[in-house]
Amino acid sequence: MIALFYIAGAIAVIATVAVILQTNIVHGLLYLILSLLAVAVIFYVLGAPFAAVLEAIVYAGAIMVLFLFVIMMLNLGQHTRDQERDWLSPRGWIAPSIMAAILLGQLLTVLSSIDYDLVPEQVGVMEVSALLFGPYVLAVELASILLLAGLVAAYHLAKTK
Amino acid sequence: MESIPVEHGLILAAILFSIGLIGVLTRRNIVFVLMSLEIMLNAGGLAFIVGAARWGHAEGQIMFLMIITLAAAEVAVGLGLIIQMFRRYKTVDINVLSEMKG
Amino acid sequence: MQELIWLLPTYPLLGFLALVLTAGRLPKNVVAIIGAGSVGLSFLTAAIIAAQFLASGEEYFIKEVWTWMAVGGFTPGFNFYLDGLSLVMMLVITGVGFLIHLYATGYMADDPGYSRFFSYMNLFVAAMLMLVLGDNLVLLYLGWEGVGLCSYLLIGFWYTNPDNGYAARKAFVVTRVGDTAMALGLFLLFAELGTLNIQDMLHAAEAEWEIGNGLAVAAALLLLGGAVGKSAQLPLQTWLPDAMAGPTPISALIHAATMVTAGVYLIARTHILFELAPNVQELVGWVGLITLLMAGFIALTQSDIKRILAFSTMSQIGYMFLALGVGAWSAGILHLMTHAFFKALLFLASGTVILSLHHEQDIFKMGALRQKLPVSFFSFLLGSLALTAFPYTSGYFSKDEILIAAHGMEGPGMIFFYGGVFGAFLTGIYTFRLFFIVFFGESKAAHPPEQEYGGWNMNGPLILLMILSVVGGFIAVPLDPLFGDHEEHHISGLLHAFMIAVPLIGIAISACFFYFKIWSVEKLMASSFAQSLHKFWNSGWGFDWLYDRLFVLPFLWLARINRADIIDSFYGLVVEVSRAANGMIVKTQSGYLRWYALSIAAGLVVLITIGVML
């Protein structure tokens, strides 16, 4: 199991790097789906099968399909890919990379002080659901309102005049 | 059962987050920016799941649920904005959206 | 019925509100009914209240309407206090006020600001009633400032002429000097005696301060400051002649009959305080004497009909101050009342003259008007006789009492007496100079009048005021319980005869100059000394010149130095710094989303760094 964790982690990192380096937007999207699926595997390894399934269905499934639809609607062709290549000048990478490297370095420093070996144990759908519809029912309601707001806003924004 | 050092999970989340950040800061195509944001949100979700596994509790998963809801709503609104932007400017370059220049 | 005393200021106030809120959209006859009718109703109510009050035989009556404010132990209320003094004032204000309002309905008939005029007039009456009926000094002060405001608004009534606006501002600013002193006086009284209720305050002052106490002197001096400002006495007299820029009914109502006598009322109302400070009381007498003589000399040289009357008003108020100074409180108030009658009459009659001559105010461009303007002629005749204290007219009784009381006073009493008599002599000359020049001789008018201006609404008030000017002296003023019984002072018959004769001599001299032309003014004016004296008096003893040099020019000089505004430059610096900082920081507002995201990330890095370091 532990090997699965590291393999999936490596795939996630590689796929994610591939996402941000892509010039073809559809390829980028496919790499992102791969990255999300890898993370879903990690969730499963960490004993969260419910979250893993949601990650696969909602994230890699629904949300990414949404992206795909929009890309189709925008209908960006070969011209965009050339443009994309122009935009990705090496100089543009320097500052963000340095910034991200510093941030990562700090996070690593902070995180390396934690020393705990966790033994994953399954926390299944039942426990999560019991909590969701028990003490966290208000959070569920809030999430539903948020989704409703997103729905209304998306409809309004994307509407043609 | 073998154990996993908890910091490894968190470090993985940090790496994913940093890559997402680079994406947000570097890309000029707004669709890529939105995708990088998804990566960052996902990294946050991963950190919560690791935390949940560390304590063996379900609360972390509930937080992940909240994040995924947030991501869904955000993507819906964000894509709506992208469509509107493309309609107005005929481009996906976020640098055209600089009318707020002081 | 006495309970309804609060209605007195309410009627004119409602009239004011009605006229202001309709903003001149009402037809003129409705405006006239509201404007004059509200004051008429006030007068009717006042008359009934007065009758009942006098019949009840009480000394005073208090009606508490509501508490204005309550701050700690300080609770001034809208409480009305009625005694002999406020009774007289109330009847004069509403009675004479009503007659003047009635006259104004005719006088102002062609004015486009008809409704505005009556709204100000009504507000004035309301404020003036508040002033005389308030039972505490705060309410009195409210009315005091209210009448000051109305005076300002009405002097500058014809605001299209900048001179009128200037006169209005002058009146406002000069009286403000006095009002500031008065406000300080109120603060002092409240701080020392803990109350501003007039009766409580006076009792406390009597109990706590012995005669000549420094605080009493200070308080009395400060109140006197307010009184001289409002009543145009030395040294704050300069505004009154310029105030004649307003419409003539205003000059009659505000600048002759009522508002300018508020200072007299104030001193009479707080006379106990002045009795505690005998030096200040004597000062009041001196102020009155000097003012009445000075104003008399000035009136001799003026040529504007309204300005002559204005200086005469100043002079007559000087008599009232003289009366207060010698402790003849009731005589002062009696003179206030009779003066209200005959001076309102003179002003209103001068208004008729001015309108009949198509807005001519220079008396040397009048002449021979006695047949053309019979009502004005008789008004002027009777008014002038009353003004010069012709025996058995109203002015005679009041002035007589004042002079006799002055004669009875120890110390400077003799100076006051002979000064007052000399003032009466001057009064005789300048009053009948005006009278003879305007109504006799040959006509020098540019537009000779075809007929006398005005209908029943203008002539009616004149006739009523004529009657009052003649018989007003017989009205018994119920002031004795208020001011205590004075020992009657008697003077010898010879001296009394002399006193009566002096104004008549003045009239005779005036007649020799201007009626019989036995003596000639030209000959008198031949010498250069007489000419410079004439110029000096004509300019009001140079007070305007002096105040210009003393206050206005230094102030303008200071203003010129400080044109760059030294204090403001500091705030200008703040603006400059902000602007420079804005110039720097605005560069970060590039408008690029990724730049903002980078800034957020940088901020995050900094925060985490700090977190790690700590």
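Residues numbered from 1 in each chain as written. Chains lettered and ligands numbered in written order. Predicted model: local features only at pLDDT ≥ 70, side-chain atom pairs only at ≥ 80, totals over all residues. Heavy atoms only, no water.

## What about the overall build of chain C?
Part 1: Helix and strand counts for chain C stand at 26 helices and two strands.
Part 2: Across the 614 residues that make up chain C, the buried fraction comes to 56%.
Part 3: Once local pairs closer than 6 in sequence are excluded, the contacts in chain C between residues at least 24 apart make up 81%.
Part 4: Roughly 25600 Å² of accessible area belongs to chain C as shown, and the carbon and sulfur atoms make up 68% of that amount.
Part 5: Positive and negative charge centroids in chain C, built from 27 and 38 side chains respectively, lie 18 Å apart. (Helix = DSSP H or I, 4+ residues; strand = E, 2+ residues; numbered from the N terminus. Buried < 20%, exposed > 50% of the residue type's maximum accessible area, 1.4 Å probe, protein only. Contact = heavy atoms within 4.5 Å. Areas by Shrake-Rupley, 256 points an atom, 1.4 Å probe, with all protein chains shown as cover. Lys, Arg positive; Asp, Glu negative; His and termini not counted. Charge placed at Lys NZ, Arg CZ, Asp CG, Glu CD.)

## Observations concerning the pattern of salt bridges
Residue and element names in this part refer to chain C.
Part 1: All told, the structure shown has seven salt bridges over all chains when counted by the stated rule.
Part 2: Measuring nitrogen to oxygen at the nearest pair gives 3.1 Å for the salt bridge that ties Asp179 to Arg176. Here Asp179 and its partner Arg176 are both found in helix H6 (residues 162-193), three residues apart, which amounts to about one turn of the helix.
Part 3: Residue Asp179 is classed as buried on the basis of its relative accessible area, which comes to 1%.
Part 4: Sharing partners across several salt bridges, the network here consists of Lys170, Asp242, Arg307 and Asp544. (Salt bridge = Lys/Arg side-chain N within 4 Å of Asp/Glu carboxyl O.)

## Quick word on the nonpolar core
Part 1: Counting 195 residues, the largest nonpolar core has Leu189(C) and Phe321(C) as the members making the most contacts within it.
Part 2: Ala8(A), Ile42(A), Ala13(B) and Val50(B) belong to the second largest nonpolar core, which has 82 residues in total. (Core = buried A, V, L, I, M, F, W, Y, C linked by side-chain atoms within 4.5 Å.)

## Some remarks on the interface of chain C and chain A
Part 1: Facing eight residues of chain C, the contacting portion of chain A comprises six residues.
Part 2: Taken together, both faces of the contact between chain C and chain A bury some 610 Å²; the carbon and sulfur share is 87%.
Part 3: The largest per-residue losses of area from chain C upon contact with chain A belong to Leu598(C), Val605(C) and Ile608(C), which jointly make up 64% of the total buried on that side.
Part 4: Taken together, chain C and chain A are joined by zero salt bridges.
Part 5: Linking chain C with chain A are two residue pairs in polar contact (both at pLDDT 80 or more).
Part 6: Split into classes, the residues belonging to the side of chain C that touches chain A amount to seven nonpolar, one polar and no charged. (Buried area = accessible area lost by both parts, 1.4 Å probe. Polar contact = N/O pair within 3.5 Å; in protein donor to acceptor, adjacent residues only side chain to side chain. Nonpolar A, V, L, I, M, F, W, Y, C, P; charged D, E, K, R; others polar.)

## With respect to a nonpolar patch on the surface
Part 1: On the surface, Met1(C), Leu4(C), Trp6(C), Ile48(C), Val65(C), Trp66(C), Trp68(C), Met69(C), Val71(C) and Leu142(C) cluster together into a nonpolar patch covering about 830 Å² of accessible area.
Part 2: Tracing the backbone shows Trp6(C) in the segment before helix H1 (7-22). (Patch = residues over 30% accessible without salt bridge, like charges linked within 9 Å, V, L, I, M, F, W, Y side chains within 5 Å.)

## Some words on the confidence of the model for chain C
Part 1: The predicted model of chain C has a mean per-residue pLDDT of 85, with 99% of residues at 70 or higher.
Part 2: Element-level pLDDT for chain C is lowest in helix H20 (residues 480-483) of chain C, with a mean of 72, against a maximum mean of 90 in helix H4 (residues 114-133) of chain C. (pLDDT = per-residue confidence, 0-100.)

## A look at the environment of Glu192(C)
All names here are of chain C.
Part 1: As for its position among the elements, Glu192 is in helix H6.
Part 2: For the pair Glu192 and Ala51, spaced 141 residues apart in sequence, the C-alpha to C-alpha distance is 38 Å.
Part 3: With residues up to four places along the chain from it excluded, the contact list for Glu192 reads Glu208, Trp209 and Leu215.

## Some words on the interface of chain A and chain B
Part 1: Tallying the contact residues gives 80 residues for chain A and 71 residues for chain B.
Part 2: With both sides pooled, the region where chain A packs onto chain B buries about 7100 Å², and carbon together with sulfur makes up 79% of that total.
Part 3: At the junction of chain A with chain B, the criterion picks out zero salt bridges.
Part 4: At the surface where chain A touches chain B, the tally comes to 11 residue pairs in polar contact (both at pLDDT 80 or more).
Part 5: Among the secondary structure elements, those contributing two or more residues to the side of chain A that touches chain B are helix H1 (2-21), helix H2 (25-45), helix H3 (49-74), helix H4 (78-87), helix H5 (90-112), strand E1 (117-118), helix H6 (125-132) and helix H7 (137-158) of chain A.
Part 6: Residue contributions to the side of chain A that touches chain B peak at 13 residues, all from H3(A).
Part 7: Looking at the side of chain A that touches chain B residue by residue, the class counts come to 62 nonpolar, 11 polar and seven charged.
Part 8: Of the strand pairs in this sheet, E1(A) and strand E1 (residues 4-5) of chain B are connected by two bridges, and their pairing is antiparallel. The partner of Asp117(A) across the bridge, within E1(B), is Pro5(B). (Pairing = 2+ DSSP bridges.)

## Some points on the packing of helix H5 (residues 137-155) of chain C against H6(C)
All names here are of chain C.
Part 1: Taken N-terminus to C-terminus, the directions of H5 and H6 make an angle of 170°; their axes are 8 Å apart at the nearest point. If you check the angle between H5 and H6, you find them roughly antiparallel. Here Leu137, Leu140, Tyr141, Trp144, Glu145, Gly148, Leu149, Tyr152 and Ile155 of H5 lie close against H6, whose contacting residues are Asn164, Ala167, Ala168, Arg169, Ala171, Phe172, Arg176, Asp179, Met182, Ala183, Leu186 and Leu189.
Part 2: Of the residues that constitute the contact of H5 with H6, the class distribution is 15 nonpolar, two polar and four charged. (Axes fitted to C-alpha atoms, helices over the stretch in contact; angles between N-to-C directions. Parallel < 35°, antiparallel > 145°, perpendicular 65-115°, else oblique.)

## Some thoughts on helix H14 (residues 305-325) of chain C
All names here are of chain C.
Part 1: With 21 residues, H14 extends 30 Å from end C-alpha to end C-alpha; this agrees with the ideal 30 Å at 1.5 Å per step.
Part 2: Where burial is concerned, most of H14 is hidden: 20 out of the 21 residues are buried.
Part 3: The backbone nitrogen of Lys306 lies 2.8 Å from a side-chain oxygen of the residue at the head of H14, namely Asp304.
Part 4: Positive phi shows up at Gly327, right after H14, with a value of about 80°. (Expected span 1.5 Å × (residues − 1).)

## Focus on the packing of aromatic side chains
Each aromatic ring pair is described using two quantities: the centre-to-centre distance and the angle formed by the ring planes.
Residues and elements named next belong to chain C.
Part 1: Summed over all chains, the structure comprises 42 aromatic pairs over all chains.
Part 2: An angle of 50° between the planes, with centres 6.0 Å apart, marks the rings of Phe297 and Phe422 as tilted. One end of the pair, Phe297, is in helix H13 (residues 278-301); the other, Phe422, is in helix H18 (residues 413-439), and 125 residues separate them in sequence.
Part 3: The partly exposed category is assigned to Phe422, whose relative accessible area is 36%.
Part 4: Judged by centre distance (5.8 Å) and plane angle (50°), the rings of Phe432 and Phe436 are tilted. Highlighted residues: Phe432 and Phe436, both in helix H18, separated by four residues, approximately one helical turn. (Phe/Tyr/Trp six-rings, centres within 6.5 Å; stacked < 30°, edge-to-face > 60°.)

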